[in-house]
Amino acid sequence: MKIWKKILIIALCVIAFAALVMVGLMCRAYYDKYHSYCYWESVSEQVSEHIIMVHGHKGQESYVRLQDTRNGHYTTPRLNHVYLNEYDTEDSLVVFRTHDRLRGYLNTHTGQIVIPAQYERAWNFREGVAAVLKDGVVSFLLPDGSPAFPQSFPIHYFDDYSEIAFQFHDGLCVMRTMNNQWGLIDKQGQWAIAPVYSMIDAPYHGYRRVCDGMHYGLVTKAGEPFLPTEYDDIRRASDGRGWILVKDGLAQEVDFDFHVLEPFVHDGIHLLSYIDSYRDESYEAYEQGETDPRFFRFDIGSNSGVIDAKGKVIIPAIYYNVRMVNEDLFEIEVTYTGERLLFDTNGHCVGTSSRE
């Protein structure tokens, strides 16, 4: 066979093999596009004027990436999550997370990554500053990635829902020490309130809730003491009108100017029944007991007390549980494993329970 024929056969074989490879790649791309291995969902959300976030998944892996609507180009690689800033739209840099769980920052106006993923935790910019956690140390960044101030803060980070965001509000940011003492720092990284509390909340209507380990109080958004730490609890009213202040087994609702809205509030009122046998605490015995229309158990948090039918407090809600012994006596369980006391209908302790 002449040499040119051999060369032609080899060339045709190479072309045929290349065509087969090309067809295979095209089939794979078609499968990836229209089957479960790689599927782009149609759901997207607007990030800024020209940037949208597209959600998709590949195999078992979900991801997002940003796209510029002006040219259709993707501006980021596939990311695990983008934490859009819902509360402070003036700061255009937001946190993104990669699939290896590292955080960085991207610009929502351009869609471009500006601070590469390198942090274990990161919080969105607020008031031009952002906190990041790396190697157990919290530090603060400016939008160009440089330090906002030289101070950094070693902490024990708790990866649960109790963690509060390290973000500035009115020039102050919560911070804590290695022994879990909380304070407030300013934008120079100095302690505006020394770390003496066991907890400090984010501001709510101009005030921060603080706790000294046992009792709650309020400080102003400037960090000045407002209500002393002498309350058993301070929480937001469920109706959004103000605060619930709990002290000495009683609770009241006040508005945001601390005018009393409701002098007596509770978390539930329940009928009290006599138990047929004082020593029988079974469900059946309780169900057969006669209810007493004169008295009711009321709850504040996990504690209970007694009020009468006119709403007068007989026993404040500072005990674990309340039962009726007879027409003249209540049995009070001090704690769920503790002693039991007997109180009369005037709210006076008259002895201890004889039940085991």
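For the structure itself, look to the data block above.
Residues numbered from 1 in each chain as written. Predicted model: local features only at pLDDT ≥ 70, side-chain atom pairs only at ≥ 80, totals over all residues. Heavy atoms only, no water.

Draft legend 1. Geometry of the sheet that holds strand β15 (residues 191-197). The strand order across the open sheet built from four strands is β12-β13-β14-β15, with neighbouring strands paired in antiparallel fashion. Single-partner strands in this sheet number two, and they are β12 (168-169) and β15. Two elements, β12 and strand β13 (residues 172-176), share two bridges in a ladder whose sense is antiparallel. Among the inter-strand pairings, H169 is bridged to a residue of β13, identified as L172. (Pairing = 2+ DSSP bridges. Helix = DSSP H or I, 4+ residues; strand = E, 2+ residues; numbered from the N terminus.)

Draft legend 2. Examining the nonpolar core more closely. Core analysis: the largest hydrophobic core is formed by 24 residues, its most contacted members being V138, F140, F166, M175 and I185. Those elements giving two or more residues to this core turn out to be β9 (130-134), β10 (137-141), β13, β14 (182-185) and β15. Top contributing element to this core by residue count: β13, with four residues. Not counting chain neighbours up to four residues away, the residues in contact with I185 comprise F140, F149, F153, F168, G171, L172, C173, M175, Q190, W191 and A192. Counting 13 residues, the second-largest nonpolar core is a separate cluster that includes Y274, F295, I315 and I332. (Core = buried A, V, L, I, M, F, W, Y, C linked by side-chain atoms within 4.5 Å. Buried < 20%, exposed > 50% of the residue type's maximum accessible area, 1.4 Å probe, protein only. Contact = heavy atoms within 4.5 Å.)

Draft legend 3. Region of the structure containing the environment of P77. Along the chain, P77 turns up in the loop between β3 (61-68) and β4 (81-83). It is 10.0 Å that separates the C-alpha atoms of P77 and Q112, two residues lying 35 residues apart in sequence. For P77, the residues in contact, after removing those within four places along its chain, are V64, R65 and I113.

Draft legend 4. Structural view of the sheet that holds strand β30 (residues 340-344). Strand order in the open sheet made by the four strands is β28-β29-β30-β31, with antiparallel pairing throughout. With one partner strand each, in any of the chains shown, β28 (321-326) and β31 (349-352) form the two edges of the open sheet. Pairwise comparison of adjacent strand axes, ignoring direction, gives a mean angle of 30° for this sheet. Sheet topology note: the β30/β31 ladder contains three bridges and is antiparallel. Residue pairing across strands places F343 opposite C349, the latter belonging to β31. (Axes fitted to C-alpha atoms, helices over the stretch in contact; angles between N-to-C directions.)

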